[in-house]
Amino acid sequence: MNEQKHIIWSSDVDYEDWRADLEEQYPDLSEQERMELMVEQNNDYLDDERCNLNIQLSRPILLIADIGRWDGRYPGYAEIKSGNIRDCLYSEMDDSTWYVDRLGDLRCDAVHHDGTNHYLYRAYKENVSEAQIDRLKEKLYSGTATRADVTRVTKRLGDEIGRVYGWRFPASREAVRER
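Keep in mind that what you see is a predicted model, and the values were worked out from it rather than measured.

Focus: the overall build of the protein chain
Logical step 1: A count of helical and extended segments in the protein chain gives 6 helices and 7 strands.
Logical step 2: Going from the N terminus to the C terminus, the protein chain shows its helices and strands as β-α-α-β-β-β-β-β-α-α-β-α-α.
Logical step 3: C-alpha extents for the protein chain along the principal axes are approximately 60 × 40 × 35 Å.
Logical step 4: Among the 179 residues that make up the protein chain, the fraction classed as buried is 40%.

Set out below in structure tokens:
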């Protein structure tokens, strides 16, 4: 099944997609120089996306990680305390692709020398307590958290991001319950 993704930015660029424009604009550069320029321009686009997604939320963002290592897969989490969506668009991995999936969840696939990490970014809901957040973190750390556990305490970011790019997502179950 080909899951619909709205790609925000990817470090995985294909020179063939850029070749004609780069050759037309920079005929005096070598192919290697044009490839370096392509990477540089693509990285500038990431800065543009950070500006586009300078969306301040009232609560921190929870990053839920499925970490791929040489010896298997591991659960994990981190918090983006700023609560600003732009701060999700940083990675120290070799290759990263940020996208919003068909359910309206902001995600990242980040490739590194040992494998691939998969990240899910969700904001804490306004009405959740620190005790609820701590229970969710315990479940995430132990690898026992379910989708229901996550959606009980957090909300998706795709609706905020979709307002910037004109993307629409099906109503979330949480939103339907809150109506």
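Comments concerning the state of the cysteines
Logical step 1: Inspection of the entire model under this criterion finds 0 disulfides.
Logical step 2: Here cysteine 51 stays free of any disulfide, with the sulfur of cysteine 88 as its closest cysteine sulfur at 15 Å.
Logical step 3: Accessibility expressed as a relative area gives 61% for cysteine 51, which makes it exposed.

Quick word on the nonpolar core
Logical step 1: Judged by nonpolar contacts, the single largest core of 25 residues is most densely connected at Ile8, Ile85, Leu106, Tyr121, Leu157 and Ile161.
Logical step 2: Of all the secondary-structure elements, those providing two or more residues to this core are β1 (5–10), β2 (61–69), β4 (95–101), β5 (106–112) and β6 (115–124).
Logical step 3: Discounting chain neighbours no more than four positions away, the residues touching isoleucine 8 are Glu49, Leu53, Leu89, Trp98, Tyr99, Val100, Leu106, Ile161, Tyr165 and Trp167.
Logical step 4: The next biggest cluster of nonpolar side chains, apart from the first, holds 10 residues, and it includes Leu62, Val128, Val150 and Val153.

A closer look at the environment of aspartate 87
Logical step 1: Within the secondary structure layout, aspartate 87 lies in the loop between β3 (72–80) and β4.
Logical step 2: Separated by 56 residues in sequence, aspartate 87 and glutamate 31 have C-alpha atoms that sit 34 Å apart.

A look at the packing of aromatic side chains
What characterises a pair of aromatic rings is the spacing of the ring centres plus the angle enclosed by the ring planes.
Logical step 1: Scanning the model with the defined rule gives 4 aromatic pairs in all.
Logical step 2: Relative to tryptophan 98, the ring of tryptophan 9 has its centre 6.0 Å away and its plane inclined at 40 degrees; by these criteria the two rings are tilted. Separated by 89 residues along the polypeptide, tryptophan 9 in strand β1 and tryptophan 98 in strand β4 bring together distant segments of the chain. Each member of the pair, tryptophan 9 as well as tryptophan 98, carries the same accessibility label: buried.
Logical step 3: Cation over ring: lysine 5 sits above tyrosine 99, and NZ or CZ is 4.4 Å from the ring centre.
Logical step 4: Residue placement shows arginine 69 over the ring face of tyrosine 74; its charged tip is 4.3 Å from the ring centre.

Observations regarding a negative patch on the surface
Logical step 1: The grouping of Asp12, Asp14, Asp17, Asp94 and Asp95 at the surface amounts to a negative patch.
Logical step 2: Checked against the element boundaries, aspartate 14 lands in the loop between β1 and α1 (15–25).

Parameters at a glance
- Residues numbered from 1 in each chain as written.
- Predicted model: local features only at pLDDT ≥ 70, side-chain atom pairs only at ≥ 80, totals over all residues.
- Heavy atoms only, no water.
- Helix = DSSP H or I, 4+ residues; strand = E, 2+ residues; numbered from the N terminus.
- Buried < 20%, exposed > 50% of the residue type's maximum accessible area, 1.4 Å probe, protein only.
- Disulfide = S-S within 2.5 Å.
- Core = buried A, V, L, I, M, F, W, Y, C linked by side-chain atoms within 4.5 Å.
- Contact = heavy atoms within 4.5 Å.
- Phe/Tyr/Trp six-rings, centres within 6.5 Å; stacked < 30°, edge-to-face > 60°.
- Lys NZ or Arg CZ within 6 Å of the ring centre and 35° of its normal.
- Patch = residues over 30% accessible without salt bridge, like charges linked within 9 Å, V, L, I, M, F, W, Y side chains within 5 Å.
- Areas by Shrake-Rupley, 256 points an atom, 1.4 Å probe, with all protein chains shown as cover.
- Salt bridge = Lys/Arg side-chain N within 4 Å of Asp/Glu carboxyl O.
- Lys, Arg positive; Asp, Glu negative; His and termini not counted.
- Charge placed at Lys NZ, Arg CZ, Asp CG, Glu CD.

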